[in-house]
Structures are given as structure tokens and as C-alpha cells.
Amino acid sequence: MATATQVQAQPLISIEKLNLFYGSFHALKDVSLTIPEKAITAFIGPSGCGKSTLLRTLNRMNDMIPGTRIEGSIAIGGTELYSNEVDVETLRKKVGMVFQQPNPFPKSIYDNIAYGPRLHGTRSKQQLDEIVETSLKSAVLWDEVKDHLKRSAFSLSGGQQQRLCIARALAVNPDILLMDEATSALDPISTLKIEELAQELKDRYTIVMVTHNMHQAARVSNQTVFFLNGEVVEFSDTEKLFSNPTDQRTEDYISGRFG
Amino acid sequence: MQSDTPQANRKVLNTSTSITSPNAFKNNRVSVMNKMMPIILFLCASVSILTTIGIVVTLFSETIQFFQKIPVLEFLFGTKWSPLITPKSFGVLPLLNGTLMITLIACLVAIPLGLASAIYLSEYAPKKVRSAVKPVLEVLAGVPTIVYGYFALSFITPLIRDIFPGAGVFNALSAGIVVGIMIIPMVCSLSEDAMSSVPRALRDGAYALGATRLEVALKIVVPAAFSGIVASAVLAFSRAIGETMIVTVAAGATPTLTGNPLDSIQTMTAYIVQVSLGDTPHGTVEYGTIFAVGMTLFVITFLLNILAQYVARKFREEY
Ligand SMILES: Nc1ncnc2c1ncn2[C@@H]1O[C@H](COP(=O)(O)OP(=O)(O)OP(=O)(O)O)[C@@H](O)[C@H]1O
Ligand SMILES: [Mg+2]
């Protein structure tokens, strides 16, 4: 729909003066940033700086944590996420999420993928078969599992499980994919596979990933956001942020002087 | 005492031998105690095992004696139970019918309500509510059953008789409902334990796909906790089968082969109580009936446990 240049002008996600409190703890402070469509945006920063917290506001997973309070604006495609009109379940269907630890359901590979579509009303076996196949293909897992779709998801390796979780998220046809340190529990080869996968998926999906690994951010992302103590220190094109940071703290962090 | 502990420690350190000496790895501590401990613990464990063996042996030998006088088939398939009044008749089916009716009614009450409250506690209730309700459930499970018995007789029965004027003063429905109420806390507490031990990550995975709370509860948590839930249901079943006081008080003492829950019935347990308390002389066929009935109860519960283990294993979802 939108061309590349329009993307820059018209970001998909825009966050303005967002503040988030866990009880009395001020976890996000005046966060303002924009996230472009069909690109990979990476959140980096030291542990506890609020990366996951911000990511979880994008699909309102924070709602589940009692005592969370939000101020400011966070909008996807112009719709305010924390307004009354937003149906949380529909939002989460549009904004998929992959977690740090692979968390397949204790069901078969097939049923893992079919879970979401079934939830949202797809009943026909033929349609489900199709969704399962395309999702697994998108997650580059199809060839490895196509002959034993009825097997338990736990029979897969950690890396395969994580790709299964990605396929599961893709099966409900989201626009945005959130990945919270999705590779940190994986070995280097599986990590590489997921990074390649993310590269492929960004043509069709807007991807926001949290990573502890700066090399990963540098390798795969188009835009990088650096957080410190709940604040955005700097965000810009990945290349610029890593080669020519404007803030001293960013430079200290990416050169490994702290964090 | 407190002050000399460090000194004692130091002494041990000082007297400890060098690692190269022949005594380096000898145990300096009281070794008699070390050797005795497993024996003492074993004896403690034996008490319950020996008791069980004793019970089973008595049950078996008395039952065999009974069946030397009364044919097994007459006992199992006879439709009339009147061992104490002539003409005597030893068909266990009316008692079995009474027990199963109570158990069925109790489970129809306890399993849905217990499961629903467990789902509420584990998936919906705020932490505060949960930590307040759980101990209350445990207290409820400790209320003496005689109290429930009179609750049935003085509260539920009149209610039932208002709705169904044909119901007797003693009826299976009232007793069954109250047995069910009695075991709700147990079903709830055990299923809640099973459900709250389902990892959060699984729930998050489903929420992130756009599942509602109810969908997460029913399609993720319940299946994942299924073996625990089955275990709680079976325990409920066993409790209901074995329940004695409530049925003695509220269900009557009329062994009847009936499908009508408004009738007065007698369960196997209530019959055993009746004979135990009566003046039936020991050693007679009449007295032997309680062992035969007890054996029947034992076999049913035993089979049930095996079935439960099979079901739990078959439907187990590992996480
Ligand atoms: N449920 C919660 N209740 C209270 N405080 C929380 C909660 N979750 C996170 N926090 C706090 O909010 C801050 C940000 O947490 P967050 O998980 O977003 O950090 P993060 O940047 O993702 O860290 P990491 O890299 O270790 O995952 C931390 O200081 C954390 O202690
Ligand atoms: Mg995090």
C-alpha cells in the first residue's frame, strides 16, 4: 500500500510521551518514538531498562499485570491502543508475539499452529491444513516437520520450537510481529536461522525485536532504539546509530563500556 | 548453648586430621544415630503398610468364609437385600444402586462446581482473593461430616420436599447433594493446584494469539492440568462412595433397587454402620455380610483408582 518513502513520513506505530508505572515504580519515562512499517526495529539497552515493558504495551500484554498504569499516547496506524474502542483480543491477533523461551503448547505441531485460527473461528479442515502449511513454510520449518505434524511440539529442538512459535504467531495473520529476545535461549546456528527468517519476514510484516545482543541488532535491524533506565536515549537508522551515535551514553554502550 | 556452638565447631576443625593421614576420611559424627535413622524411619513407614495388609487379610478371609455359605452369584446379581429379616435375601444390587446413586448425584454437584471455582480462583481471582479463599477451603474440608448430615436433613430435605411433595423424609437426592457440597472444596483445591502449576508462559502464548481469559482457561489450562483434574475427580468419586455419615443420617435405611432419587435408599457404607451398631452376633452369616459388602466397596474403589491412573496417563499433556 505505502511506498518506502511514504513509510518514513507515515510511521505505522507512533509513541508519544508514554509513561508506564508498575505500582509506584516508574518503568517508562516520556518515551517518544516512531516505528516504520515493514522493517525491523530493534530495542537495545542494559537489563531492566524497560525494553520488554515497551514491547508489551504494543499488544497490551501489560494489562495482565496488576497495578500497571499508563499515561501518554501509543498508536498503531492512528488508532490509540489504550482507548475504549480497542478490543484487546483483536489487537493481539494483529500484533503477534514471540517470547524469550520457546513456549509451544503441550499439543501436536499441527494443533499448535491451528490453535490461533481455530480460536478466531476457522473450522474447515482444508483451510486449517492450508494455514498450517503456509505458516510453517513462512517460518522455514515445513521441510523439517511436514512428515510428522501429529507429533508433540516438545519433540522438536529448542530452535525448531522457537520457529514453531513464530509460525504459530504468523498463523493468525498479524501485521506486526514482536520478538522479545527470541534468540537468547538458542544456540548460534538456530539464532542465525531466526535472524535470516526475520530478514525474510520483514517484507511482509513489521517486526519489533528486543535484543541483548548488539551484533544482532546491527546485523538484522533497519532502525535501532537505545534505552536507558526507562528512557529513550537515541533512536535512528541502525547504521547511523552504530557508526555515528549522537549521544555519549549510546557510544559508551555500543562500545561495551557498560551494560 | 548458642554461644558454645562456634567453639564446638572450632574444636572439630582443630582435631580434624590431615588429609594425608589414614584416618582422614573417617566419620567423626555420631555414627550410631546415622545407622539407626533409616531403621527408625522404616518402622514408622511400616505401621501404615502393615495396617493396610492387616485390613486386606481380614477382609479377604471373612469374605471367603461368607461366600462359602452364600453363592457369589446370588450376592452379586440378587435384586433384594434383606439379610436380617426373614425371608433372608442377599442380593447386593440394591445397596450398590444406593451407593452409585449418591455418588452420581454428588459428582454431578461437586465436579462442575468444584472445577468452576477452581477456574475462577486460578484464572480470574485477584491474588488477594485467592490467598484468602484457599485456607477457607481447607477449613471447609475439615468440617465433621455429621454436621453436613444434619444440614441435609434440616435444610436441604425440607427444600426438596417443598419442590417435590412426593419426596420422603429420607431421600437419596438430599444426601447426594450434600455429599457433593462436602467434596466441592476438595475438588476445587486439588484442581486449582493442578491449574496454577501450569506455566505462565503457556498462558502468555495463548493470550498473545488473542485468546480471551475463558479460552485460555478452557483450552490451555484445563487440558494442561487434565491429569490433576482427573485425579481430583476420582478422589471426589471415592470420597462419595465411601461417605458414611451423611447418607446414614439423611438417605434412609431402606435398600431399594430404584432409579428415583426422591426415594429412601441405603448405601453400602450405611448398611455396614447399621450392622456394626446392631446386635447381630459375630460369626454369623448375617454378620459376614458386612465383610462381603466391604469387599465390594474395596474392589470398586480399587478398580476406580486403576482407571484413573490409566486416564490420567492417556490424557497427560506434558509441559
Ligand atoms: N511485573 C512487574 N512488576 C513490577 N516491576 C516490574 C515488572 N516487570 C518489570 N518490572 C521492572 O520494570 C523495569 C523494566 O523491566 P523490563 O522487563 O521491561 O526490562 P528489560 O529491559 O526487558 O530487561 P531485560 O533485558 O533484563 O529483559 C525493571 O526495573 C523491572 O524490575
Ligand atoms: Mg526483557
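One structure accompanies this document, and this report is about it. Keep in mind it's a predicted model, so treat the numbers as computed, not measured.

### Observations concerning the site of ligand 1
All names here are of chain A.
Here is step 1: With respect to spatial proximity, 13 residues lie near ligand 1, and among them S47, G48, K51, S52 and T53 are the closest.
Here is step 2: Contacts to ligand 1 include S47, whose side-chain N or O atom sits 2.5 Å from an oxygen atom.
Here is step 3: Between E181 and ligand 1, the recorded distance is 3.2 Å, taken from a side-chain N or O atom to an oxygen atom.
Here is step 4: Contact with the protein chains hides 65% of the accessible area of ligand 1, taken as 630 Å² for the molecule alone.
Here is step 5: Among the elements of the structure, β2 (25-35) and α2 (51-58) are those that each provide at least two residues to the shell around ligand 1.
Here is step 6: Ranked by residues supplied to the shell around ligand 1, first place goes to α2 with 3 residues.
Here is step 7: In terms of residue class, the shell around ligand 1 is made up of 5 nonpolar, 6 polar and 2 charged.

### Observations regarding the packing of helix α4 (residues 93-124) of chain B against helix α5 (residues 127-141) of chain B
Each pair of packed helices can be summarised by the angle the axes make with each other and by the distance between the axes.
Residue and element names in this part refer to chain B.
Here is step 1: Viewed as axis vectors pointing N to C, α4 and α5 meet at an angle of 145°, and their least axial separation amounts to 9 Å. Every pair of crossing elements has a handedness; the one defined by α4 and α5 is left-handed. Touching Y120, L121 and S122 of α4 are V129, R130, V133 and L137, all from α5.
Here is step 2: Taken together, the residues that form the contact of α4 with α5 break down as 5 nonpolar, 1 polar and 1 charged.

### A few points about the packing of aromatic side chains
Residues and elements named next belong to chain B.
Here is step 1: Evaluated as defined, the whole model comprises 13 aromatic pairs over all chains.
Here is step 2: An angle of 70° between the planes, with centres 6.1 Å apart, marks the rings of F66 and F90 as edge-to-face. In this pair, F66 sits in helix α2 (residues 31-69) while F90 sits in strand β2 (residues 89-90), placing the two residues 24 residues apart along the sequence. In terms of burial, F66 and F90 fall into one category: buried.
Here is step 3: Relative to Y271, the ring of W81 lies with its centre 5.0 Å away and its plane at 85°, an arrangement referred to as edge-to-face. A residue pair is termed long-range when its members are at least 10 positions apart, and W81 in strand β1 (residues 81-82) and Y271 in helix α12 (residues 268-277) qualify at 190 residues. Grouping residues by exposure puts W81 and Y271 together as buried.
Here is step 4: An aromatic cluster is built from F66, F67, F75, W81, F90 and Y271, whose rings are joined through pairwise contacts.

### Topic: the sheet that holds strand β4 (residues 68-76) of chain A
Here is step 1: The strand order across the open sheet built from 4 strands is β2-β1-β4-β5 (chain A), with neighbouring strands paired in antiparallel fashion. Two strands close off the open sheet at either side, each with one partner strand: β2 and β5 (79-80) of chain A.

Here is what the cut-offs are and how they apply
- Residues numbered from 1 in each chain as written.
- Chains lettered and ligands numbered in written order.
- Predicted model: local features only at pLDDT ≥ 70, side-chain atom pairs only at ≥ 80, totals over all residues.
- Heavy atoms only, no water.
- Near = heavy atom within 4 Å.
- Polar contact = N/O pair within 3.5 Å; in protein donor to acceptor, adjacent residues only side chain to side chain.
- Areas by Shrake-Rupley, 256 points an atom, 1.4 Å probe, with all protein chains shown as cover.
- Helix = DSSP H or I, 4+ residues; strand = E, 2+ residues; numbered from the N terminus.
- Nonpolar A, V, L, I, M, F, W, Y, C, P; charged D, E, K, R; others polar.
- Axes fitted to C-alpha atoms, helices over the stretch in contact; angles between N-to-C directions.
- Left-handed = near helix turned anticlockwise from the far one by under 90°.
- Contact = heavy atoms within 4.5 Å.
- Phe/Tyr/Trp six-rings, centres within 6.5 Å; stacked < 30°, edge-to-face > 60°.
- Buried < 20%, exposed > 50% of the residue type's maximum accessible area, 1.4 Å probe, protein only.
- Pairing = 2+ DSSP bridges.

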